[in-house]
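Inside the fold
The lines below spell out each chain.
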Amino acid sequence: IWEGRRKEEERREKTKKAQKALLCQLNQIDFSIFQRKIELENQQLVLKRQKEAEFVVYRSDFERNESEADRDAAEVSDPVKLLKMAASVSLGVGSLVWAEDSDTAWIDGEVVAVNGESIKVLCTSGKTVVLKASNVYPKDTEAPPCGVDDMTKLAYLHEPGVLHNLRCRYDINEIYTYTGNILIAVNPFRKLPHLYDNHMMAQYKGAAFGELSPHPFAVADAAYRQMINEGISQSILVSGESGAGKTESTKLLMQYLAYMGGRAVAEGRTVEQQVLESNPVLEAFGNAKTVRNNNSSRFGKFVEIQFDQRGKISGAAIRTYLLERSRVCQVSDPERNYHCFYMLCAAPSEDVQRYKLGNPRTFHYLNQSNCYELDGVDDTKEYIATRRAMDVVGISSEEQDAIFRVVAAILHLGNIKFAKGKEMDSSVPKDEKSWFHLRTAAELFMCDAKALEDSLCKRVIVTRDETITKWLDPESAAISRDALAKVVYSRLFDWLVDKINSSIGQDPNSKFLIGVLDIYGFESFKTNSFEQFCINLTNEKLQQHFNQHVFKMEQEEYTKEEINWSYIEFIDNQDVLDLIEKKPGGIIALLDEACMFPRSTHETFAQKLYQTFKNHKRFSKPKLSRSDFTICHYAGDVTYQTEFFLDKNKDYVIAEHQALLTASNCSFVSGLVPPSEESSKSSKFSSIGSRFKQQLQALLETLSSTEPHYIRCVKPNNLLKPAIFENSNVLQQLRCGGVMEAIRISCAGFPTRKPFYEFVDRFGILAPEVLDGSTDEVIACKRLLEKERTSRISDW
Ligand SMILES: Nc1ncnc2c1ncn2[C@@H]1O[C@H](COP(=O)(O)OP(=O)(O)OP(=O)(O)O)[C@@H](O)[C@H]1O
């Protein structure tokens with residue numbers, strides 16, 4: 001019996017324990033379920049509140065727009081229009097937001113208090129900030145974590161949203177994003193070969209724009225198809241700051257166009273091959289390492305690809321703009337001179353000996369900087385590759401020899417130093433080394449050594465009565481030497497471009513063209529000289545073209561949707577363009593005037609500017625300066641130093657240099673300075689600024705006759721390294737590139753464009769009953785809006 005009782009007791013105890021354990025477990029489960037339920041309800045409540053707030057603004061914005069446009073009441077319930085309303089929302093406690101931040105541009109957080117116009121935000125970084133309402137934007141809590149491939153798909157089209165979207169995508173190597181028709185390309189600074197292979201090109205062929213991921217191939221394909229289908233010439237404008245990836249994008253565009261328009265030719269060089277191979281040639285002579293890019297193009301480029309009736313490439317032309325000449329003689333550490341100089345010094349030994357070259361460290365034009373080699377670049381291989389590319393673009397071996405002879409001669413020229421001569425204020429080559437380099441330069445130029453010496457050390461002044469020979473002091477002789485080097489190099493570059501053009505050949509019967517523009521972006525440094533002035537003029541002109549186009553595109557969109565949109569304005573920069581290029585009286589005209597008067601200095605030029613533009617709202621004189629001036633550009637203020645403006649603007653070959661080169665026994669060298677310029681001193685004054693202005697005018701005329709497409713390249717960091725995305729830096733570029741202006745134009749109307757089903761999905765929670773029984777999304781949207789409208793009226 002006892003044993004039985006004990007066992008019974010044990011069993012009961014066990015059951016009790018088991019029950020207790022189960023109860024405990026149950027309790028826990030119940031508790032966690034309860035907890036989750038509460039959280040969910042809370043979330044839904046917050047979500048609902050946020051959506052209510054968002055919706056109210058959809059509605060009130062609509063009404064604002066409606067009253068401005070003075071539409072009739074019937075239109076109020078038009079769901080097409082209702083779905084396109086501006087999406088700025090009124091923020092309340094608990095709203096998730098973006099707050100302006102001095103370090104990271106925008107930081108996310110939650111509103112913890114609202115006091116009139118000021119909003120207190122608890123940021124995710126832990127800090128609390130109080131900001132004006134205008135510096136706080138709503139955050140889209142439903143945005144996909146990987147971002148959206150087109151900015152116009154963002155629920156809130158504002159600066160932090162755009163930035164965050166680019167960043168999310170960049171983090172997963174999605175470097176391309178659309179803003180409507182504009183492609184934004186963020187430089188990955190790492191190779192992504194899978195993005196650009198033949199398989200990829202095949203995918204984009206004929207795919208509707210927007211159907212596949214954003215890509216330069218998609219832009220090129222859209223341009224190509226529009227050209228074929230509508231018979232309109234196209235242009236693709238690639239812009240961005242130095243190192244942002246313009247040239248790489250341009251090469252991808254050309255690769256795709258060659259793929260689409262190329263012909264299968266069994267032998268010989270095809271036009272497209274020549275166009276593609278012109279890149280390495282132009283890069284060897286026109287690119288250099290700068291602090292901002294190891295392979296920076298120091299010139300602007302417009303490649304015009306011509307097509308025949310069947311859409312096959314039939315010709316091409318390359319136009320270049322404003323090569324940076326000063327680099328030939330002046331290189332600052334840690335930059336390099338043009339690549340071709342280093343390639344030639346690293347050429348196979350027979351070539352090095354032939355041109356009497358050697359270590360680049362022994363040449364003055366190269367050793368002003370300590371940078372001679374580039375990471376991952378073998379100059380010997382580059383030399384051989386450049387020679388091969390020169391073969392493909394039709395430069396004969398004799399011509400190649402002459403080209404490299406001239407390059408070598410320039411290096412020797414740079415090593416000629418001058419000392420005081422016997423006569424007063426005269427100069428002579430300083431020592432035996434200098435004599436050696438002078439003789440070698442003359443030999444390579446195939447001209448007389450004495451004539452070279454005279455052209456560097458003397459000037460001949462012709463007056464009405466006599467001809468006077470004037471000596472130059474050592475300093476002036478060195479300036480004359482550098483001027484010769486610069487003019488020869490820039491003429492050599494022009495020769496290469498002309499040669500490439502004539503060997504590729506233009507098609508006079510071409511039906512259409514696609515132009516690809518790869519041009520320097522807006523520049524603002526500590527010191528800004530004439531080059532920056534010209535570059536920024538280019539950007540002002542392109543900006544105006546861009547704004548007009550974006551505005552036109554928006555206008556077309558509204559016309560298509562039958563929405564009245566005539567009250568939106570955009571900032572026009574015509575006043576800056578007038579300030580710079582108006583004739584007479586603009587800055588370029590005043591600069592030309594100053595260059596023509598022998599007694600002008602940069603100071604007298606600056607005084608003239610101060611006088612002329614003292615009341616111009618885009619021009620100002622910096623307080624502590626006597627010769628600088630500031631222009632208020634569309635992308636920000638830039639202060640220019642006028643010191644070298646006059647020199648850099650003069651565009652003539654000194655008569656002595658002209659005579660020297662013309663007398664060369666090498667037809668290539670004499671051909672660099674055509675005889676028509678012999679009387680350059682007496683001929684009409686020509687200036688770099690005015691010539692550049694005309695070139696730009698011609699470019700804009702070409703662009704205006706085409707349908708433009710835009711690629712905005714962005715450099716995510718200044719370290720040129722992958723996986724680093726600097727918010728403020730990127731934002732600055734988006735502003736300068738006009739992306740923000742395009743968004744602003746869009747925001748001035750109805751920026752949020754939601755398909756009906758998305759609208760119902762998003763806002764159905766506010767009045768689920770109206771959706772019952774309705775399968776038509778348009779009707780559902782209409783009911784939803786009407787329901788909210790009546791409920792608000794009854795609230796009042
Ligand atoms: N799509 C890309 N994929 C991989 N690397 C890229 C890409 N775009 C740019 N880069 C890298 O960035 C570097 C700079 O790009 P690129 O020379 O095209 O700049 P850029 O805008 O033309 O500059 P610049 O005005 O100085 O000539 C390239 O040499 C390359 O290393």
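Residues numbered from 1 in each chain as written. Predicted model: local features only at pLDDT ≥ 70, side-chain atom pairs only at ≥ 80, totals over all residues.

We now examine the overall build of the chain. If you tally the helices and strands in the chain, you get 26 helices and 21 strands. Residues counted as buried form 39% of the 796 residues belonging to the chain. Partitioning the intrachain contacts of the chain with sequence separation of at least 6 by distance along the chain shows that 66% fall at a separation of at least 24. (Helix = DSSP H or I, 4+ residues; strand = E, 2+ residues; numbered from the N terminus. Buried ≥ 20, exposed ≤ 12 C-beta atoms within 10 Å, placed from the backbone. Contact = placed C-beta atoms within 7 Å.)

Let us now look at the UniProt feature "binding site: ATP" (unreviewed entry) in the chain. The UniProt entry lists Gly-240, Glu-241, Ser-242, Gly-243, Ala-244, Gly-245, Lys-246 and Thr-247 under the feature "binding site: ATP" (unreviewed entry), expressed in the numbering used here. For Ala-244, a count of 24 C-beta atoms within 10 Å translates into the label buried. Those residues within four positions of Ala-244 in sequence are excluded, and the remaining contacts are Asn-187, Gly-521, Cys-713, Val-714 and Lys-715. Here Lys-246 lies in helix H6 (residues 246–261). Setting aside residues up to four positions removed in sequence, Lys-246 forms contacts with Val-238, Ser-239, Gly-240, Asp-518 and Cys-713. (UniProt positions renumbered as here; feature names shortened; annotations may be inferred.)

Counting buried positions over the six residues of strand S8 (residues 234–239) gives six, a clear majority of the element. Going residue by residue along S8, you find Gln-234, Ile-236 and Val-238 tucked away on one face and Ser-235, Leu-237 and Ser-239 tucked away on the opposite face as well. By the bridge criterion, five bridges tie S8 to strand S17 (residues 512–518) in an arrangement that is parallel. Note that in S17 the partner of Val-238 across the bridge is Asp-518. Relative to strand S21 (residues 707–714), S8 runs parallel, the two sharing six bridges. Bridge pairing in S21 links Ile-236 to His-709. (Pairing = 2+ DSSP bridges.)

It is worth spelling out the environment of Asn-198 at this point. In this structure, Asn-198 sits in helix H4 (residues 198–204). The spatial distance from the C-alpha of Asn-198 to the C-alpha of Gln-255 is 9.9 Å, given a sequence separation of 57 residues.

A separate point is the packing of H6 against helix H7 (residues 271–286). Put simply, H6 and H7 touch, their axes get as near as 10 Å, and they point 170° apart. On the basis of their axis angle, the class for H6 and H7 is roughly antiparallel. Along the contact surface, H6 presents Lys-251, Met-254, Gln-255, Ala-258 and Gly-261, while H7 presents Glu-272, Val-275, Leu-276 and Asn-279. Residues that form the contact of H6 with H7 fall into these classes: four nonpolar, three polar and two charged. (Axes fitted to C-alpha atoms, helices over the stretch in contact; angles between N-to-C directions. Parallel < 35°, antiparallel > 145°, perpendicular 65-115°, else oblique. Nonpolar A, V, L, I, M, F, W, Y, C, P; charged D, E, K, R; others polar.)

As a further point, take the UniProt feature "domain: Myosin N-terminal SH3-like" (unreviewed entry) in the chain. As recorded in UniProt, the sites labelled "domain: Myosin N-terminal SH3-like" (unreviewed entry) are residues 92–141. Secondary structure content for residues 92–141 is 0% helix and 62% strand, and the end C-alpha separation is 15 Å.

Here we come to the sheet that holds strand S4 (residues 128–132). The five strands lie next to each other as S4-S3-S2-S1-S5, forming an open sheet whose pairing is antiparallel. The open sheet has two edge strands, S4 and strand S5 (136–138), and neither has a second partner. Recorded for the sheet is a direction-independent mean angle of 45° between the axes of neighbouring strands. Relative to S5, strand S1 (residues 96–101) runs antiparallel, the two sharing three bridges. In the strand pairing of S5, Trp-98 is matched with Tyr-137. Contacts from helix H3 (residues 159–171) reach S1, strand S2 (105–115) and S5, with the element oriented near 140° to S2.

Quick look at the environment of Leu-699 now. The topology assignment puts Leu-699 in helix H22 (residues 688–704). In this structure the C-alpha to C-alpha distance between Leu-699 and Leu-542, which are 157 residues apart in sequence, comes to 9.9 Å.

Right, let's talk about the site of the ligand for a bit. In the vicinity of the ligand lie 19 residues, with Ser-242, Gly-245, Thr-247, Glu-248 and Ser-296 positioned nearest. Elements that contribute at least two residues to the shell around the ligand include exactly H6 and strand S10 (296–297). Take the shell around the ligand: its biggest share by element is three residues, from H6. For the shell around the ligand, the class distribution of residues is six nonpolar, ten polar and three charged. (Near = placed C-beta within 6 Å.)

Next up on the list: the confidence of the model for the chain. Averaged over the chain, the pLDDT score is 86; the fraction of residues at 70 or greater is 86%. In this model, residues 677–683 is a region of pLDDT below 50 whose contacts with residues beyond four sequence positions or in other chains number nine contacts. Listed scores for the predicted complex are pTM 0.82 and ipTM 0.99. (pLDDT = per-residue confidence, 0-100.)

Counting residues in hydrophobic clusters, the biggest one holds 175 residues, and the most contacted among them are Ile-236, Leu-257, Leu-344 and Ile-410. It is helix H14 (residues 474–504) that contributes the most residues to this core, twelve residues altogether. Looking at which domains feed residues into this core, each of domain 1 (410–493 + 653–677) and domain 2 (530–651 + 691–704) gives three or more. What Leu-257 contacts, discounting residues up to four positions off in sequence, is Ala-220, Tyr-224, Ile-305 and Ile-514. Val-760, Phe-763, Cys-781 and Leu-784 belong to the second-largest nonpolar core, a separate cluster that totals eight residues. (Core = buried A, V, L, I, M, F, W, Y, C linked by C-beta atoms within 7 Å. Domains from an automatic or database assignment.)

Attention shifts here to the packing of helix H11 (residues 397–414) against helix H12 (residues 432–445). Axis separation between H11 and H12 bottoms out at 8 Å; the angle between their running directions is 160°. As summarised for this structure, H11 and H12 are arranged roughly antiparallel, according to the angle between their axes. Crossing handedness for the pair H11 and H12: left-handed. Note on element contacts: H12 touches H11 through His-437, Thr-440, Ala-441, Leu-444 and Phe-445, opposite Arg-405, Ala-408, Ala-409, His-412 and Leu-413. Each residue belonging to the contact of H11 with H12 can be placed in one class, and the counts come to six nonpolar, three polar and one charged. (Left-handed = near helix turned anticlockwise from the far one by under 90°.)

With that settled, consider the pairing of strand S20 (residues 636–641). Judged from the six bridges that link them, strand S19 (residues 628–633) and S20 form a sheet pairing that is antiparallel. From the neighbouring strand, Thr-630 faces S20, where its bridge partner is Thr-639. The hairpin formed by S19 and S20 contains two residues between the paired strands.

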